[in-house]
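Analysis of the macromolecular model
Okay, here's what each chain looks like letter by letter:
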Amino acid sequence: MPLLKIVHYPEPVLLTVGRPVSDEMFANGLAKTVDDMFETMYAAGGVGLAAPQVGLSQRFFVMDVPDEDGKPNKLAFFNPEILRVEGEQTGDEGCLSFPGLYQTVRRDMRVIVKAQDVQGTDIELDLDGLAARCVLHETDHCDGIVFLDRMTVLKREMAKRKIKRLQKTGKWE
Ligand SMILES: [Zn+2]
C-alpha cells in the first residue's frame with residue numbers, strides 16, 4: 001500500500017482550520033483512510049498524524065503513544081474537542097511536518113477529550129503525559145495551529161532560523 005505524502009510547513013493546508021467530519025463521511029467509511037494514516041505515521045517514526053498533514057483539510061487524527069511496557073495504543077479521533085485541561089508539562093516536541101526540528105513546548109499535563117471514533121460513535125478519554133501532549137498537538141493541527149505557534153517568542157525565532165537553514169540545505173521541501 002503506498003504511503004500518503006506528508007506535507008511540510010508552510011503548506012497552506014497546515015495553517016487552515018479543518019472541516020468537521022460529516023455523517024456522510026462516516027457512512028461512506030473511514031477505516032481505510034485511518035489504516036493509511038497509521039501506516040504513514042509508523043513509516044515516518046511519529047506518534048501522531050493529523051489529516052491536514054497529509055493534505056486533507058479535515059478534523060481528525062491518529063495517534064499511538066505506547067504504554068510503559070511498549071504495548072501499542074492505536075487511537076483515532078474524529079472531530080476532537082478538548083473539554084478540560086489540568087496541570088502543565090514542559091518537554092521537547094517534534095512534528096512530522098517539521099522534519100528535523102525539535103523544540104521545547106509547554107503543554108497541559110492532563111486532558112479530557114471528546115471525539116468520535118471511526119464509526120462516528122462518541123468517545124471521551126482522560127489522558128496525561130505524552131498522550132495528553134500528543135492529543136493537544138494533533139487537535140491544534142485540526143484547528144490550523146502548528147507547534148511553532150505554541151513556542152515562546154524566543155524559541156519560535158530560533159526554530160524559524162533553523163527551518164531556513166534546513167530549507168537551504170534541501171533537507172526540507
Ligand atoms: Zn504535528
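Notes on the structure follow.

1. With respect to the packing of aromatic side chains
- For the coordinates displayed, the defined rule picks out seven aromatic pairs.
- On the numbers, 4.8 Å between centres and 25° between planes, the contact of Tyr 9 with Phe 98 is stacked. Taken together, the residues span a long stretch of sequence, with Tyr 9 in the segment before helix H1 (23–28) and Phe 98 in the loop between strand S4 (89–94) and strand S5 (102–107) at a distance of 89 residues.
- Ring geometry for Phe 98 against Trp 172: centres 5.8 Å apart, planes inclined by 85°, an arrangement best described as edge-to-face.

2. Some remarks on the sheet that holds strand S7 (residues 122–128)
- Spatially, the five strands line up as an open sheet ordered S1-S2-S3-S6-S7, and their pairing is antiparallel. Edge positions in the sheet fall to strand S1 (48–50) and S7, since each has one partner strand and no second. Going from strand to strand, the sheet's axes swing by 40° on average, the running direction of each strand aside.
- Where strand S6 (residues 110–116) lies against S7, seven bridges are found, and the strand directions are antiparallel. When the sheet's bridge partners are listed, Ala 115 is paired in S7 with Ile 123.
- The sheet contacts of helix H2 (residues 31–44) involve S1, strand S2 (60–64) and strand S3 (74–86), and relative to S2 the element is tilted by about 50°.

3. A short note on the environment of Phe 61
- Topologically, Phe 61 is positioned in strand S2.
- Given the relative accessible area of 0%, Phe 61 is considered buried.
- Considering only alpha carbons, one finds Phe 61 and Leu 49, 12 residues apart in sequence, at a separation of 5.6 Å.
- The residues contacting Phe 61, other than those within four sequence positions of it, are Leu 49, Ala 50, Leu 75, Ala 76, Phe 77, Pro 80, Val 135, Glu 138, Thr 139 and Cys 142.

4. Focus on the coordination of the zinc ion
- For the zinc ion, the full set of protein donor atoms is Cys 95 (SG), His 137 (NE2) and His 141 (NE2), at a range of 2.0 to 2.2 Å.
- Within one chain, the residues donating to the zinc ion are spaced in sequence as C-x41-H-x3-H. Of the two residues, Cys 95 sits in the loop between S4 and S5 while His 137 sits in helix H3 (residues 129–142), which places them 42 residues apart along the sequence.
- Residue Cys 95 is classed as buried on the basis of its relative accessible area, which comes to 9%.

5. A closer look at the environment of Pro 20
- Relative to the helices and strands, Pro 20 resides in the segment before H1.
- Expressed as a C-alpha distance, the spacing of Pro 20 and Ser 57, which sit 37 residues apart in the sequence, is 9.0 Å.

6. So, the side chain of Arg 133
- As for its position among the elements, Arg 133 is in helix H3.
- Side-chain polar atoms of Arg 133 contact the backbone oxygen of Val 105, separated by 3.1 Å.
- The contact partners of Arg 133, leaving out residues within four places of it in the chain, are Gln 89, Thr 90, Gly 91, Glu 93, Val 105 and Arg 107.

Each value, and the rule that gives it
- Residues numbered from 1 in each chain as written.
- Predicted model: local features only at pLDDT ≥ 70, side-chain atom pairs only at ≥ 80, totals over all residues.
- Heavy atoms only, no water.
- Phe/Tyr/Trp six-rings, centres within 6.5 Å; stacked < 30°, edge-to-face > 60°.
- Helix = DSSP H or I, 4+ residues; strand = E, 2+ residues; numbered from the N terminus.
- Pairing = 2+ DSSP bridges.
- Axes fitted to C-alpha atoms, helices over the stretch in contact; angles between N-to-C directions.
- Contact = heavy atoms within 4.5 Å.
- Buried < 20%, exposed > 50% of the residue type's maximum accessible area, 1.4 Å probe, protein only.
- Donors = N, O, S within 2.8 Å, 3.2 Å for Na, K, Ca; no water.
- Polar contact = N/O pair within 3.5 Å; in protein donor to acceptor, adjacent residues only side chain to side chain.

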